[in-house]
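# Architecture and fold: a report
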Amino acid sequence: MPEAQGKLDGTVKFFLAGQKTPKVLQRLESDVSNQKTNGVGKSDEFGCKWAALSALIQFQESAKARGANAVVDLVSYYKKKESRNDATMECHAGSFVIGVALKGDYAKLRD
């Protein structure tokens, strides 16, 4: 999505649970990002992408602060229930609020 330009700078890589990653040199702590957006006047698809982007931006900033260059084993974490899929994230869209909750591990990967 054009709105993502410049928001994810590429210094932190993201891998859904089940995706192949470069060699993990060190696993750091786990974290959760639960991002929501106002759904009024937005399509479900746009709102879900926006909420997912917000979650990834939060992970990116937290990873940098911890010295990590990746977030691995990302899973959907709606109502604290893990849902693993190596290709998609879960999003919940209502009349007024659209949200994405993700859980993942900060990691240092081999460059």
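Computed from a prediction, not measured in an experiment: that's the story for all the values here.

### Notes on the state of the cysteines
Throughout the structure, instances matching the rule amount to 1 disulfide. Across the disulfide from Cys48 sits Cys91; the S-S distance is 2.0 Å. Across the S-S bond of Cys48 and Cys91 the torsion is about -85°, and the bridge reads as left-handed. Residue Cys48 is found in helix α1 (residues 44–66), and its partner Cys91 is found in the loop between β4 (81–83) and β5 (92–93); the two are separated by 43 residues along the sequence.

### Some words on the pattern of salt bridges
A full pass over the atoms with the stated rule returns 7 salt bridges. Measuring nitrogen to oxygen at the nearest pair gives 3.0 Å for the salt bridge that ties Arg27 to Asp73. Taken as a pair, Arg27 in strand β2 (residues 24–38) and Asp73 in strand β3 (residues 70–78) lie far apart in primary sequence, 46 residues in all. For Arg27, a relative accessible area of 44% corresponds to the partly exposed category.

### Considerations on α1
If you check α1, its first and last C-alpha atoms are 33 Å apart, about what 23 residues at 1.5 Å a residue would give, namely 33 Å. Buried within α1 are the following residues: Gly47, Cys48, Ala51, Ala52, Leu53, Ala55, Leu56, Phe59, Gln60, Ser62 and Ala63. On the buried face of α1, the contacting elements are β1 (13–16), β2, β3 and β6 (97–109). Once α1 finishes, Gly67 follows within two positions and takes phi at roughly 80°, a positive value.

### A word on a nonpolar patch on the surface
A cluster of nonpolar side chains, namely Val40, Phe96 and Val97, defines an oily patch on the protein surface of about 320 Å² accessible area. Mapped onto the fold, Val40 is located in the loop between β2 and α1.

### Thoughts on the pairing of β6
Counting buried positions along β6 yields 10 of 13 residues, so the element is predominantly enclosed. Sheet analysis places β2 next to β6, joined by 12 bridges and oriented antiparallel. Across the sheet, residue Arg27 finds its bridge partner in β6, namely Ala107. Pairing of β3 with β6 involves 5 bridges; the strand directions are antiparallel. Of the residues in β6, the one forming a bridge with Val75 is Lys103. Looking at chain direction, β5 and β6 are connected through 2 bridges and run antiparallel. Residue pairing across strands places His92 opposite Gly99, the latter belonging to β6.

### Things to note about the nonpolar core
In terms of nonpolar packing, the biggest core is built from 14 residues, with Phe59, Ala63, Val71, Leu74, Val100, Leu102 and Tyr106 touching the most fellow members. Going through the elements one at a time, α1, β3 and β6 are the ones with two or more residues in this core. The contact partners of Phe59, leaving out residues within four places of it in the chain, are Phe14, Asp31, Val32, Ser33, Val71, Leu74, Leu102, Lys103, Gly104 and Tyr106. Ranked by size, the runner-up nonpolar core spans 5 residues in total, among them Phe15, Ala70, Val72 and Leu109.

How each quantity is defined
Residues numbered from 1 in each chain as written. Predicted model: local features only at pLDDT ≥ 70, side-chain atom pairs only at ≥ 80, totals over all residues. Heavy atoms only, no water. Disulfide = S-S within 2.5 Å. Helix = DSSP H or I, 4+ residues; strand = E, 2+ residues; numbered from the N terminus. Salt bridge = Lys/Arg side-chain N within 4 Å of Asp/Glu carboxyl O. Buried < 20%, exposed > 50% of the residue type's maximum accessible area, 1.4 Å probe, protein only. Expected span 1.5 Å × (residues − 1). Contact = heavy atoms within 4.5 Å. Patch = residues over 30% accessible without salt bridge, like charges linked within 9 Å, V, L, I, M, F, W, Y side chains within 5 Å. Areas by Shrake-Rupley, 256 points an atom, 1.4 Å probe, with all protein chains shown as cover. Pairing = 2+ DSSP bridges. Core = buried A, V, L, I, M, F, W, Y, C linked by side-chain atoms within 4.5 Å.

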